[in-house]
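Inside the fold
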Amino acid sequence: MPTLLKSMFSLLFSAAILLVGHGLQLTIVPLYAISLGWEADLIGYIGSSYFLGFVLGCLTVPRLVARVGHIRVFTVLIALFTSSLLFIGLVDNFVLWLVARCLIGWGIAGIYMVIESWLNDKTSVEYRGSVLSVYTVISLSAICVGQLLVGFDLGYAGLFMLAAALLVLGIVPVGLTRRAAPQPIPAVSFSFRRLFAVSQVAMVGAFFGGLVTGGFWALGPVIADANQLSAGQVGVFMAVTILGGTALQLPVGRLSDRIDRRYVITGLAVVAVLTSITAITLDSRTPEVIYVTMFLLGGLSFPLYSLCLAHANDNTDLSIMEVGSGVLMMNSVGSILGPLIVSFLLGYTHMALFVVSGVALSILACWTLYRIRFHDVAREHYEPFVSMRSTTQEVVEMGLESEESEEPSDMKVQTINTDESLNKS
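First, a word on what this report is: a plain description of the structure on this page. Quick caveat, the model's predicted, so the values are computed rather than measured.

Topic: the nonpolar core
- Ile111, Ile115, Phe216 and Phe237 are the most contacted members of the largest nonpolar core, which totals 127 residues.
- Of the residues forming this core, the biggest block, 16 residues, is contributed by helix H10 (residues 200–226).
- Two domains each provide a minimum of three residues to this core, namely domain 1 (1–176) and domain 2 (199–376).
- Each residue touching Ile111, except ones within four places of it in the same chain, is listed here: Leu18, Phe74, Leu77, Ile78 and Phe81.

Following this line, the structure appears as structure tokens:
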């Protein structure tokens, strides 16, 4: 394992540098929009534009990689990402920001795909789970560090330049690597209808989970500002939410390996609703109280994507790539709509994110309980839970195939009756 990680050092180092810059720009763009006096609904549209670009990137980048290769695409995407970010810092036109933010989303989706494809291709099956864990820790830690850089007294121009410098520096380790590039990235392929028929809980859960987390990623700084946090405290606000999501991923995942995952999804949704109600009732603008409630909200909402993905794979013989792509796209659709809804409600209350979380996750809890009541699951294709971020379908394949390799082949069910598998979860 140490030798394997050493061979991937340049790729992981590039990812770390890039994601520090990415984490920084996630926060400074909406903060800069606030400083320009823009309304929350306009910032919400800009956030949705980012997630729309992300979806388009997942759908189109594999074709580019197949045409010109990983390293060229990686370099072009970072150049596009960096120039779009700097353009936002230079121009205060809403329409141009929409375009630039969409290009940033497209670029980061492609960057994730290239990195994860490389990790997947160069790691043997038995080590993929370990490498995925290392990659997840590095990526989340880097994004957290990026959030904290917001507290540096550099002014917006300085912070934009710092984020751009980190993005460009991220090219260097990969650009100098002597490792051969991996095979082309498989194109996204799925059917919403088939996946919804196979696992309604997973698709509904992925959508509402994306609704909540998308609202946070796009408008977290705006929400923090509405709660009267300073610029330095905004970075802490974002970081504690991410840390909460990281801390609870593994415990809830292991619990879902032992009982029906739908009970775990319901439990997370119910506790998140109670947390939201508590936050709204307290209506406290004390930083410590806000940090605690956001830590809990992150811890309860971030694991939903991985749980829904695992639940969907438990109950179908569709390919890992098809299931992973469909759940990812459903999560992304929720992420596009989340900022629009949260930004609209911010015009009425600074507790908009908690209102959206309470309503969305109440619907998820009720729907999941209904499915538990009327539809049993046999988990014919059960795989242990794998903690992963909602980046691209490559990381899904990497994580789930690593778990498949750990089970004897004679213990795995290879086929199921398609008619019996529909509408069972």
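Points about unusual backbone geometry
- Of note, the phi angle at Gln228 is positive, near 65°, even though the residue is not glycine.
- The topology assignment puts Gln228 in the loop between H10 and helix H11 (231–258).
- One non-glycine residue, Asp283, lies in the positive phi region at around 45°.
- Relative to the assigned elements, Asp283 resides in the loop between helix H12 (261–282) and helix H13 (287–301).
- Given a relative accessible area of 39%, Asp283 falls into the partly exposed group.

Examining empty space enclosed by the protein
- The final tally for this structure, using the stated rule, is four cavities of 30 Å³ or more.
- Of the volumes computed, that of the largest cavity is approximately 90 Å³.
- Along its surface, the largest cavity is lined by 13 residues, and Ser284, Ile290, Thr293, Met351 and Phe354 are the ones closest to its centre.
- Of all the elements in the fold, those that place two or more residues in the lining of the largest cavity are H12 and H13.
- A breakdown of the residues in the lining of the largest cavity according to their chemical character gives nine nonpolar, three polar and one charged.
- Each pocket or cavity is described by its volume, and for the second largest cavity that value is around 40 Å³.
- Residue lining of the second largest cavity: Val29, Pro30, Ala33, Ile43, Ile46, Gly47, Arg101 and Ala218, and that is the complete set.
- Elements with a minimum of two residues in the lining of the second largest cavity: helix H2 (9–35) and helix H3 (40–68).

Procedures and definitions
Residues numbered from 1 in each chain as written. Predicted model: local features only at pLDDT ≥ 70, side-chain atom pairs only at ≥ 80, totals over all residues. Heavy atoms only, no water. Core = buried A, V, L, I, M, F, W, Y, C linked by side-chain atoms within 4.5 Å. Buried < 20%, exposed > 50% of the residue type's maximum accessible area, 1.4 Å probe, protein only. Helix = DSSP H or I, 4+ residues; strand = E, 2+ residues; numbered from the N terminus. Domains from an automatic or database assignment. Contact = heavy atoms within 4.5 Å. 1 Å grid on protein atoms, 1.4 Å probe; cavity = no way out; pocket = protein on both sides within 12 Å on 5 of 7 lines; lining within 4 Å. Points joined across faces, edges and corners; volume = space filled by probe spheres on them. Nonpolar A, V, L, I, M, F, W, Y, C, P; charged D, E, K, R; others polar.

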